[in-house]
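As a plain string of letters, each chain reads:
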Amino acid sequence: LFQLQVIQYEKYRSFAEKRIKEKRMVEENKNIFDEKSCGIVLFREENNKRFYLVLRYPSGHLDFPKGHVETKDKSMHETALRELEEETGISDIEFIDGYEEPISYLYRKKNKPSNKQVIFFLAKTKTKSVRISHEHRGYFWLPFDAAVNKVTFENAKGLLRKAEEILSKGRE
């Protein structure tokens, strides 16, 4: 039994040391990204109320449409629009000036750490109908408070707060 506990402890210690090393690597190289994507915080207005589009990903988390920059894309806006159309079928958007929000995070890709940056833009649509791609399991059009509560990650909550702040100033 003691030998088994020692083996389990060694496995845990090895795992923990690996994670600490990965986090240190990210901190030291926080401006070096393995992946770059672009996305859109999309909203529509109906009866003087604002609704944000939130997608359900296969892993269960809730977030915004986004995807990898491809060599054919001429700009980050083009990447974001292409991904939005691929993931939702929505293409009639108007980008809102003054919103270009970078986020970054570490995740595991093929069992290795990947440092990813996503640049988000804010855009408005008149389209209510969503045709989700095979990459997603569902969607919601939600008012701000519900959207903030529904999205999974803190960085997504921050993107929503920033969007709402900019849009609220425009209404004053």
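Preceding this section is the structure that the text describes.
Let us look at the structure shown here. Keep in mind that what you see is a predicted model, and the values were worked out from it rather than measured. (Residues numbered from 1 in each chain as written. Predicted model: local features only at pLDDT ≥ 70, side-chain atom pairs only at ≥ 80, totals over all residues. Heavy atoms only, no water.)

## As for the nonpolar core
The following threshold applies: As used in this record, nonpolar core signifies buried Ala, Val, Leu, Ile, Met, Phe, Trp, Tyr and Cys residues forming a set joined through side-chain atoms within 4.5 Å. Categorising residues by exposure relies on relative accessible area from a 1.4 Å probe, with only protein chains included: less than 20% of the type maximum marks a residue as buried, more than 50% marks it as exposed, and the intermediate range marks it as partly exposed. Under the DSSP-based scheme used, a helix requires at least four consecutive residues in state H or I and a strand at least two consecutive residues in state E, with every element numbered from the N terminus. Any two residues whose heavy atoms approach within 4.5 Å at even a single point are treated as in contact.
Val41, Tyr52, Phe64, Phe120, Leu122 and Leu160 are the most contacted members of the largest nonpolar core, which totals 21 residues. Of all elements in the fold, only β1 (35–46), β2 (49–56), β5 (93–109), β6 (112–125), α3 (144–150) and α4 (154–171) reach the threshold of two or more residues within this core. Here this core takes five residues from α4, the largest share from any one element. In contact with leucine 122, not counting residues within four places along its chain, are Val41, Phe43, Glu94, Phe95, Ile96, Tyr99, Ala163 and Leu167. Ranked by size, the runner-up nonpolar core spans 16 residues in total, among them Ile90, Ile93, Phe121 and Trp141.

## Digging into the side chain of aspartate 63
For clarity, the threshold we go by: In the analysis that follows, any N or O atom pair within 3.5 Å is treated as a polar contact, provided that within protein one partner can donate a hydrogen and the other can accept it, and provided that, for residues neighboring in sequence, both atoms belong to side chains.
Structurally, aspartate 63 is set in strand β3 (residues 62–63). A residue is classified by how much of its surface remains accessible, and aspartate 63, at 7% relative accessible area, is buried. Of the polar contacts made by the side chain of aspartate 63, one reaches the side chain of lysine 66; its length is 3.0 Å. Excluding its chain neighbours within four sequence positions, the residues that come into contact with aspartate 63 are Val54, Leu55, Tyr57, Phe153 and Ala156.

## What about the environment of leucine 62?
With respect to the helices and strands, leucine 62 occurs in strand β3. Taking C-alpha positions, leucine 62 is 9.7 Å from histidine 136, a pair spaced 74 residues apart along the chain. Those residues within four positions of leucine 62 in sequence are excluded, and the remaining contacts are Val54, Leu55, Arg56, Phe140, Lys150, Val151 and Thr152.

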